[in-house]
Amino acid sequence: MKIAVTSIGGGADSEVDPRFGRASAFVFFDTDTGKYVNVDNTVGVNASQGAGVRAAEAISQLGAEVLITGHCGPKAFRTLRAAGIEIFTVSSGSVAEAIEHFKFEELTSMSSPDVGGHWG
Amino acid sequence: MIVAIASGKGGTGKTTVAVNLALSLSGDVQLLDCDVEAPNAHLFLRANPEGNDVIGIPVPDVDVDLCNQCGECSRLCQYNAIAVLGTGVVVFPELCHGCGGCTLVCPEKAISEVMRPIGVVEEARAGQLWLVQGRLNVGEALVPPLIRAVRAKKHDQGMVLVDAPPGTSCSMIAAVRGSDFVVLVTEPTPFGLNDLALAVETVRVLGIPHGVVINRAGSGDDGVKEYCDAEGLEILLEIPDDRRIAETYSRGLALVTNIPETRPLFASLAARLEALAPVGRGCRAEKGLPRAHA
């Protein structure tokens, strides 16, 4: 299973970016191989609008089944839901720590958007 | 002849100039209130614009049975209004600018267009003056298509005045584009000067002749005049900083019908603009406006 985590700068030791659509990067963690892969999000960062929609589509196409981020707005939430991606939130810490919290089932699944549009 | 009244800064007196200029011109005058987020020229004309001309933009409607999720539509959309997921397609009509591109590129012909209303165009007759205004739906963010619909109501004869929305963004450009002349209204303050310079740069790019009206002249500083001097901009009119003008405005009344001393001011502006109109020529043909750039 692939887990996408929003990241400031990329890498397992980077901080989780609290923004989803305009996160500086995504780190994909594959639970089968235990490997981390960085995914650029320049398109989302520079999007004139709908950054969350574009980011949700991108991580869906890359096969993410789980997303860990800080916050999620209404359009991103709707798109992620439609793609069948489960959303978990963390308030701080590194990407690797977020993955550990997820593995130990310490994160709660998000059932509704927690910020308005244009939050990030 | 089409004259647009615009300004970089809001609240400088665009509508005051547009309304009082409209009342000072002779012959047929049409006033197009393109400040569709806050159309207020009708207040000063005691007119009640009516009409049920609903303006909408085409947004995609995807037939899920025909869609094979190839993603061409999403790759084309610069506004991220359509997302193609392994599980289906999600459309966000509120993000769509109505360019119609997704419908064109869909190889499966799975996308048709449905109209999403964004506002209405209303009209009223006030004496010799014909008023047309756009009124944007509350909460709507997409403005240029409605402004273009108001602009499309222009008469081919006589003077057409366009009351533009403030700023120098897409909505201001949609309102002033295709005009023969732009009157830039400003105030003699650092804010007025800063935003006047932005507006001047914008109309220069659009290639439209322009001049400046200084409202509340006598207050503030000399920055605007010095700028106009340095840039070779004609100061068409100075409206004095006068308490009676502010009071008349705040009662929702026209200046020229209530303060006799203001009549020659707007009469001279009207004469100046009428002199610019080419003899024996109606309005300049509207240039083709790109549909997608909203």
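First, a word on what this report is: a plain description of the structure on this page. (Residues numbered from 1 in each chain as written. Chains lettered and ligands numbered in written order. Predicted model: local features only at pLDDT ≥ 70, side-chain atom pairs only at ≥ 80, totals over all residues.)

1. Here we look at the overall build of chain A
A tally of regular secondary structure across chain A gives 4 helices and 5 strands. Each helix and strand of chain A, placed in order from N terminus to C terminus, yields the pattern β-β-β-α-α-β-α-β-α. For 120 residues, the compact-globule estimate of 2.2 N^0.38 gives 14 Å, and the C-alpha radius of gyration of chain A, at 12 Å, lies within 12% of that figure. For chain A, the spread of C-alpha atoms along the principal axes amounts to about 35 × 30 × 25 Å. Sorting the 120 residues of chain A into buried and exposed places 44% on the buried side. Restricting the contact set of chain A to residue pairs at least 6 apart, pairs at least 24 apart contribute 50%. (Helix = DSSP H or I, 4+ residues; strand = E, 2+ residues; numbered from the N terminus. Rg over C-alpha atoms; globule rule 2.2 N^0.38 Å. Buried ≥ 20, exposed ≤ 12 C-beta atoms within 10 Å, placed from the backbone. Contact = placed C-beta atoms within 7 Å.)

2. Focus on the pairing of strand β6 (residues 111-126) of chain B
Residues and elements named next belong to chain B. Note: strand β3 (residues 50-62) against β6, 11 bridges, orientation antiparallel. Looking at the pairing, Glu50 lines up with Glu123 of β6. Two elements, β6 and strand β7 (residues 129-136), share 8 bridges in a ladder whose sense is antiparallel. Bridge pairing links Glu123 to Val132 in β7. Remark: 2 residues form the turn of the hairpin made by β6 and β7, two consecutive strands paired antiparallel; Gly127 in that turn has positive phi of roughly 65 degrees. (Pairing = 2+ DSSP bridges.)

3. What about the pairing of β7(B)?
Residues and elements named next belong to chain B. Burial of β7 is extensive: 7 of the 8 residues sit out of reach of the surface. Pairing geometry for strand β2 (residues 29-33) and β7, over 5 bridges, is parallel. Bridge pairing in β7 places Asp33 opposite Gln133.

4. With respect to the sheet that holds strand β1 (residues 2-6) of chain B
All names here are of chain B. Judged by pairing direction, the sheet is mixed, and its 9 strands sit side by side in the order β3-β6-β7-β2-β8-β1-β9-β10-β11 without closing on themselves. Looking along the sheet, the strands with just one partner apiece sit at the ends: β3 and β11 (235-240). Sheet twist, expressed as the average angle between the axes of neighbouring strands with direction ignored, equals 20 degrees. (Axes fitted to C-alpha atoms, helices over the stretch in contact; angles between N-to-C directions.)

5. Side note on the nonpolar core
Taken as a class, soluble globular proteins show a tendency for nonpolar side chains to be buried jointly. Residues A:Val5, B:Ile5, B:Leu161 and B:Val162 are the most contacted members of the largest nonpolar core, which totals 123 residues. Of the residues forming this core, the biggest block, 6 residues, is contributed by helix α1 (residues 14-24) of chain B. Viewed by domain, this core spans two of them, domain 1 (2-28 + 155-276) and domain 2 (56-117) of chain B, each represented by three or more residues. Residues in contact with B:Leu161, not counting those within four places in the same chain, are B:Val3, B:Ile5, B:Ala18, B:Leu21, B:Ala22, B:Val29, B:Leu31 and B:Leu32. (Core = buried A, V, L, I, M, F, W, Y, C linked by C-beta atoms within 7 Å. Domains from an automatic or database assignment.)

6. A short note on the interface of chain A and chain B
Listed per partner, the contact involves 15 residues of chain A and 13 residues of chain B. Among the elements that make up the side of chain A that touches chain B, the one with the highest residue count is helix α2 (residues 51-61) of chain A (5 residues). Partitioning the side of chain A that touches chain B into residue classes produces 5 nonpolar, 6 polar and 4 charged. (Nonpolar A, V, L, I, M, F, W, Y, C, P; charged D, E, K, R; others polar.)

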